[in-house]
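Notes for the structure review
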Amino acid sequence: KRLRTPYLDLWLIHWPGPAYNTMSRSNEVMQNSPEGAFAYAKDGHSEADMVALRAETYRAMEDAVYEGKCRAIGVSNFTVKHLEALRKTARIWPPAVNQIELHPYNPQTEIVEYCRNHGIVVEAYASLGGQDSGKKTWNKLGGKLIDRVEICDIAYKHGKS
């Protein structure tokens, strides 16, 4: 109702990890905690709880498909491990899409191959070189992907900027 549309074309689980108590997470705290990134997880979002939480979320999305509220469902940032766990409980398999960061600096060949073999469409985000990389990372990789000669040549060839 709030979306003011009778149905969704595609609905994704955005992130397979926990909901956090804060967006201001300290790398030092996570590195020094035996719980890693889960040090900031909300109650009920421990690492052990995540498989069940993802299955429960996906089940609700499947219900939306069966009720005609959604045409397709998918996931985002799921690894092979996440997808294999989901596959054990899913009624609708495979998910239509797995949206992942994908570009020449981060080709993610294992998950791309898995998706190809299971009929899951891979949708790339940050396809021109990653959203979270800083200057130090870019320099180590040879500069921003969008500034690379190879990319500029392809853009020129197709009349794009």
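Keep in mind that what you see is a predicted model, and the values were worked out from it rather than measured.

Each value, and the rule that gives it
- For every chain, the first residue of the written sequence is number 1, and numbering continues from 1 along that sequence.
- Reporting in this predicted model follows two pLDDT cut-offs: at least 70 for local features of residues, and 80 or more for side-chain atom pairs to be given and counted; totals over whole chains, interfaces and linings ignore these cut-offs and use all residues.
- The side-chain figures draw on all heavy atoms in the structure; neither hydrogens nor water molecules are used.
- A pair of strands is considered paired only if DSSP assigns at least 2 bridges between the two.
- In this text, helices come from DSSP runs of H or I with a minimum length of four residues, and strands from runs of E with a minimum of two, each type numbered from the N-terminal end.
- Seen with its strands pointing away from the viewer, a crossover is right-handed if its path from the first strand over the helix to the second goes clockwise.
- We call a set of buried Ala, Val, Leu, Ile, Met, Phe, Trp, Tyr and Cys residues a nonpolar core when their side-chain atoms join them within 4.5 Å.
- Residue exposure (1.4 Å probe, protein chains only): buried if accessible area is under 20% of the type maximum, exposed if over 50%, otherwise partly exposed.
- A contact between two residues is defined here by any heavy atoms of the two lying within 4.5 Å.
- In the sections that follow, a salt bridge refers to a side-chain nitrogen of Lys or Arg positioned within 4 Å of a carboxyl oxygen of Asp or Glu.
- A fitted line through C-alpha atoms represents every axis, and for helices the fit uses only the stretch in contact; the resulting angles, taken between N-to-C directions, go from 0 to 180 degrees.
- Angular relationships are summarised with four words: roughly parallel below 35 degrees, roughly antiparallel beyond 145, roughly perpendicular across 65 to 115, and oblique for the angles in between.
- Side-chain classes follow a simple rule in which Ala, Val, Leu, Ile, Met, Phe, Trp, Tyr, Cys and Pro form the nonpolar group, Asp, Glu, Lys and Arg form the charged group, and the remainder, Gly included, forms the polar group.

**Considerations on the pairing of strand 4 (residues 121-125)**
Sheet topology places strand 3 (residues 97-101) next to strand 4; 5 bridges connect them, and they run parallel. By the bridge assignment for strand 4, I100 is matched with A124. Taken together, strand 3, helix 4 (residues 109-118) and strand 4 constitute a β-α-β crossover, and its handedness is right-handed.

**Description of the nonpolar core**
Of all hydrophobic cores here, the largest spans 19 residues; its most connected members are Y58, L83 and I111. For this core, the elements supplying multiple residues, two or more each, are helix 2 (50-66), strand 2 (70-76), helix 3 (80-87) and helix 4. The greatest single-element share of this core, amounting to 4 residues, is contributed by helix 4. Not counting residues within four places of it along the chain, the set of residues in contact with I111 comprises F78, T79, V80, L83, N98 and I100.

**Focus: the pattern of salt bridges**
What the rule picks out here adds up to 7 salt bridges. For K69, the salt bridge is made with E67, and the minimal N-O distance between the two is 3.2 Å. Ionic contacts of the salt-bridge type, sharing partners, join the residues E62, D63 and R91 into one network.

**Description of the environment of I92**
Mapping I92 onto the fold places it in the loop between helix 3 and strand 3. Linking I92 and V65, residues 27 residues apart in sequence, is a C-alpha distance of 9.0 Å. I92 has contacts with Y58, E62, V65, Y66 and I73, leaving out every residue within four places of it along the chain.

**Examining the environment of N27**
Topologically, N27 is positioned in helix 1 (residues 27-32). With 102 residues separating them in the primary sequence, N27 and G129 have C-alpha atoms 22 Å apart.

**Thoughts on the packing of helix 3 against helix 4**
At a minimum axis distance of 10 Å, the contact between helix 3 and helix 4 shows a crossing angle of 30 degrees. With respect to helix 4, the axis of helix 3 lies roughly parallel. Between helix 3 and helix 4, the residues in contact are V80, L83, E84 and R87 and E110, I111, Y114, C115 and H118, respectively. Classifying every residue of the contact of helix 3 with helix 4 gives 5 nonpolar, 1 polar and 3 charged.

**So, the side chain of E62**
For E62, the location among the structural elements is in helix 2. With relative accessibility at 1%, the residue E62 sits in the buried group. Residues contacting E62, with those up to four places away along its chain left out, are I73, A90, R91 and I92.

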